[in-house]
Amino acid sequence: MVFQKPPDGGWGWVIVLISFFTQFLCYGSPLAVGVLYLEWLDKFGEGKGKTAWVGSLAGGVGLLASPICSSCVSAFGARSVTIFSGFMVAGGLMISSFAPNIYVLLCSYGIVVGLGCGLLYTATVTITCQYFDKRRGLALGLISTGSSVGLFIYAALQKELIELYGLDGCLLLVGALSLNILACGSLMRPLQSSSSTLPDKPSVEKIPDQYLIYNEKEKNVDEENIKILEKATNEGKSVPCTDCKQDALTIKNSLLSVTPKETATYKKKVVEQTYLCKQFAKKKWHLYLDYWEETLELFKNKVFSSLFIAIFFFDIGGFPPSLLMEDIARSSNISEEECIIPLISIIGIMTAIGKLVLGILADFAWINTLYLYVLTLILTAVALVLIPFAQSYITLAILSGVLGFLTGNWSIFPYVTTKTVGIEKLTHAYGILMFFAGLGNSLGPPIVGWFYDWTKSYNIAFYFSGLCVLSGGLLLLVAALPCWNSTDNSRQSEKPHPNIYSYTGASIA
């Protein structure tokens, strides 16, 4: 289906507004799950590693299922998917309020809510890209801040609701609030498809000769059947079986009643459909082969191979603070009266600021986007290692702000991916990277929780997290050094790649 030209405004700004609120409503609770994490620890009495699976699945399942989410939006449209996913998120949150154990919670909150968020994210991004072309970057930047603002507000909101109505009442009210996604979805008016002529149906004359063997095999079938029936009829004169004779004459008349034109039309349809089915299966097989060949070609790129390791390690180490920071404060014997603003709220608002600032910096021609991304990874590793030394609310608040700002590097990650593989392979490469990001999101908090269960301290856990992020950043830095370009000059001269980014040092123009 071909859509009309993006209007770059008009109703598109309504789409931006409702997409912002959609991400605000769906991601607010899953990103601020650290507040609920403390209550679940007290309610179910499970280990921190097992309990952390709930929040990690809510954040990672949507990324892991990104190919499925994209297929659903392509098949049913953004409006239908948004309305359906709104029921998923609201239903998952409400069912979680009745969860009798951690295993039901893993399904209702971790999987159902997480998958609903993944579908909503894909739907909002897709319909925004359809409405905007020249201002697409601005539009995507505005809607992406919805999740960060949601984290900032929901952290304080859920904390207040728990004090007033308890954990179960909080989940019920937050689930009811999520039903507003249905109103947002109803406003997602799809662009009208432009009139386009359908491709002509292949005619039998275009079918190769080898498929016409069916006509050669079957052209005398009717005549042979008629001769057999006539022979049986003649022989039946000496047989006292009037019923058999009558049946034979009936079959003969039915065969003779079929005109040659109808028979030829039927044979042509059989030949055509058989050929088209074989061509369709052959085309699908070639698509699968091309997909895996392109995937292998991507991993031959040193920078891309390092990039997927870096994003995987970054999410293993960088995602846990947004889930566990409140429990870190409680483990450091910091009273709730000292926590003027929830630490998770600080992470949320600084993430929104980080997305905007880093996105603006990436637009400067004299800044190398890849080196900027590597810098955020190294600084994140340093902040993670400093967490065990923070024993007061002020120091934890500062580190939360720094980590939140650096987590805003998600806004420049598409830039880095585009410059690494080129715009033609962006969709393919970004899908692979998001899968590994979701895997890191799902594994990071449980790993940190298991470290605490084993050592009764977060110290080793965050040393490990910092080491993971630092390893990924240094590996990406080494792979992107300009010295590798000189060794690949001969290959690039034989097969140029105009859209591949040349990772040279940033020069001030």
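Fair warning: this is a prediction, and the values are worked out from it, not measured in the lab.

Time to look at helix α6 (residues 102-131). Look at α6: 42 Å from first C-alpha to last across 30 residues, which is about the 44 Å you get at 1.5 Å a residue. Its side-chain oxygen 3.0 Å from the backbone nitrogen of tyrosine 103, asparagine 101 forms the N-cap of α6.

Note on placement: threonine 82 falls in helix α5 (residues 78-96). For threonine 82, a relative accessible area of 0% puts it in the buried group. What threonine 82 contacts, discounting residues up to four positions off in sequence, is Leu120, Ala123, Ile181, Gly185 and Met188.

Here we take up the packing of helix α15 (residues 343-362) against helix α16 (residues 369-386). Relative to each other, α15 and α16 sit at 150°, their axes nearing to 10 Å. In this view, α15 runs roughly antiparallel relative to α16, as classed from their interaxial angle. Both α15 and α16 take part in a crossing whose hand is right-handed. For the pair α15 and α16, contact is made by Leu358, Leu361 and Ala362 and by Thr369, Leu372 and Thr376, respectively.

Moving on to the packing of aromatic side chains. Here the structure, examined in full by the defined rule, presents 16 aromatic pairs. When the ring of tryptophan 53 is compared with that of tryptophan 450, the centres are 6.1 Å apart and the planes differ by 65°; the resulting orientation is edge-to-face. Placement of tryptophan 53 in helix α3 (residues 48-64) and of tryptophan 450 in helix α19 (residues 426-455) is noted, with a sequence separation of 397 residues between them. When its relative accessible area of 23% is taken as the criterion, tryptophan 53 is described as partly exposed. Relative to phenylalanine 462, the ring of tyrosine 458 lies with its centre 5.9 Å away and its plane at 55°, an arrangement referred to as tilted. The exposure classification of tyrosine 458 matches that of phenylalanine 462, with both residues buried. The ring of tryptophan 11 has arginine 189 sitting right over it, with the charged end atom 4.2 Å from the ring centre.

With that settled, consider unusual backbone geometry. Of note in the backbone geometry, lysine 456 takes a positive phi value of approximately 60° without being a glycine. Relative to the assigned elements, lysine 456 resides in the loop between α19 and α20 (459-479). For lysine 456, a relative accessible area of 61% corresponds to the exposed category.

Cut-offs used in this document
Residues numbered from 1 in each chain as written. Predicted model: local features only at pLDDT ≥ 70, side-chain atom pairs only at ≥ 80, totals over all residues. Heavy atoms only, no water. Helix = DSSP H or I, 4+ residues; strand = E, 2+ residues; numbered from the N terminus. Expected span 1.5 Å × (residues − 1). Polar contact = N/O pair within 3.5 Å; in protein donor to acceptor, adjacent residues only side chain to side chain. Buried < 20%, exposed > 50% of the residue type's maximum accessible area, 1.4 Å probe, protein only. Contact = heavy atoms within 4.5 Å. Axes fitted to C-alpha atoms, helices over the stretch in contact; angles between N-to-C directions. Parallel < 35°, antiparallel > 145°, perpendicular 65-115°, else oblique. Left-handed = near helix turned anticlockwise from the far one by under 90°. Phe/Tyr/Trp six-rings, centres within 6.5 Å; stacked < 30°, edge-to-face > 60°. Lys NZ or Arg CZ within 6 Å of the ring centre and 35° of its normal.

Function cannot be inferred from these measures alone, as they are strictly geometric.
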